[in-house]
Amino acid sequence: MTPVTRQEVLGLYRKIFRIAKKWQSASGQIEETIKEKEYIKNEAKTLFQKNKNVTDPKLIKQCIEECEARIEMGLHYNIPYPRPIHLPPMGLAHKQSRTLRHQEKLRKISKPIYLKSHDEVS
């Protein structure tokens, strides 16, 4: 990891914890705010710990973009959790058909960047 990339990653990590410190839930309830603050901190720790040994510059860039997207989505919608995506169900194809493989490929490609690591950790 280059020094510039390292600084960028550490800056994002600090930014997330600053956001968590100032976070207010949309409902305004204290219990909900505490729960959301803990979620932000735990999610950041888990994902940064999981990706600490990533050395491929393309993967690092993808992780940084995902982090920035999740930060912006969370601040914009005032929801710290990843927003769900709505993809068509895959129950229409036979298990061994080309259609199923094609549907799986389309689902993987169409998944938003802010959900790439969420499914791996959850």
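Fair warning: this is a prediction, and the values are worked out from it, not measured in the lab.

Colleague: Kindly report on unusual backbone geometry, identifying the contributing residues and their values.
Modeller: Across the chain, the bulk of peptide bonds are trans and the bulk of non-glycine residues have phi less than zero. Positioned with a positive phi, N78 is a non-glycine residue whose angle comes to about 60°. Relative to the helices and strands, N78 resides in the loop between α3 (57–77) and α4 (98–110). For N78, a relative accessible area of 27% corresponds to the partly exposed category.

Colleague: Please set out the packing of helix α1 (residues 3–22) against helix α2 (residues 30–50) residue by residue, giving values where relevant.
Modeller: At a minimum axis distance of 8 Å, the contact between α1 and α2 shows a crossing angle of 165°. Taken together, the axis directions place α1 and α2 in an arrangement best described as roughly antiparallel. As for how α1 packs across α2, the hand of that crossing is left-handed. Seen from α1, the contacting residues are V9, L12, Y13, I16, F17, A20 and K21; seen from α2, they are K37, I40, K41, A44, K45 and F48. Here the residues of the contact of α1 with α2 are counted per class, giving nine nonpolar, no polar and four charged.

Colleague: Outline the packing of α1 against α3, listing residues and values.
Modeller: Where α1 meets α3, the closest approach of the two axes is 11 Å, and the angle between their N-to-C directions is 20°. In terms of their interaxial angle, α1 and α3 are classed as roughly parallel. At the point where α1 passes α3, the crossing takes the left-handed sense. Along the contact surface, α1 presents T5, E8, V9, L12, K15, I16 and I19, while α3 presents I60, I64, C67, E68, I71, E72 and L75. Of the residues belonging to the contact of α1 with α3, the class tally is nine nonpolar, one polar and four charged.

Colleague: Before we move on, could you go through the packing of aromatic side chains and cite the residues and values that matter?
Modeller: Under the defined criterion, the tally for this structure stands at three aromatic pairs. Consider the rings of Y13 and F48, whose centres lie 4.8 Å apart with planes at 70°: the pair is edge-to-face. One end of the pair, Y13, is in helix α1; the other, F48, is in helix α2, and 35 residues separate them in sequence. What makes F48 partly exposed here is its relative accessible area of 22%.

Colleague: Describe in detail the nonpolar core, supporting the description with residues and values.
Modeller: Note that soluble globular proteins tend to have their nonpolar side chains buried in a common cluster. Within the largest apolar cluster, 13 residues are counted, with the highest numbers of intra-cluster contacts made by L12, I16, I40, I64, C67 and I71. Elements with a contribution of two residues or more to this core: α1, α2 and α3. Among the elements that line this core, the one with the most residues is α1, at five residues. Contact partners of C67, with chain neighbours within four places excluded, come to L12, I16 and F48.

Scoring rules and cut-offs
Residues numbered from 1 in each chain as written. Predicted model: local features only at pLDDT ≥ 70, side-chain atom pairs only at ≥ 80, totals over all residues. Heavy atoms only, no water. Helix = DSSP H or I, 4+ residues; strand = E, 2+ residues; numbered from the N terminus. Buried < 20%, exposed > 50% of the residue type's maximum accessible area, 1.4 Å probe, protein only. Axes fitted to C-alpha atoms, helices over the stretch in contact; angles between N-to-C directions. Parallel < 35°, antiparallel > 145°, perpendicular 65-115°, else oblique. Left-handed = near helix turned anticlockwise from the far one by under 90°. Contact = heavy atoms within 4.5 Å. Nonpolar A, V, L, I, M, F, W, Y, C, P; charged D, E, K, R; others polar. Phe/Tyr/Trp six-rings, centres within 6.5 Å; stacked < 30°, edge-to-face > 60°. Core = buried A, V, L, I, M, F, W, Y, C linked by side-chain atoms within 4.5 Å.

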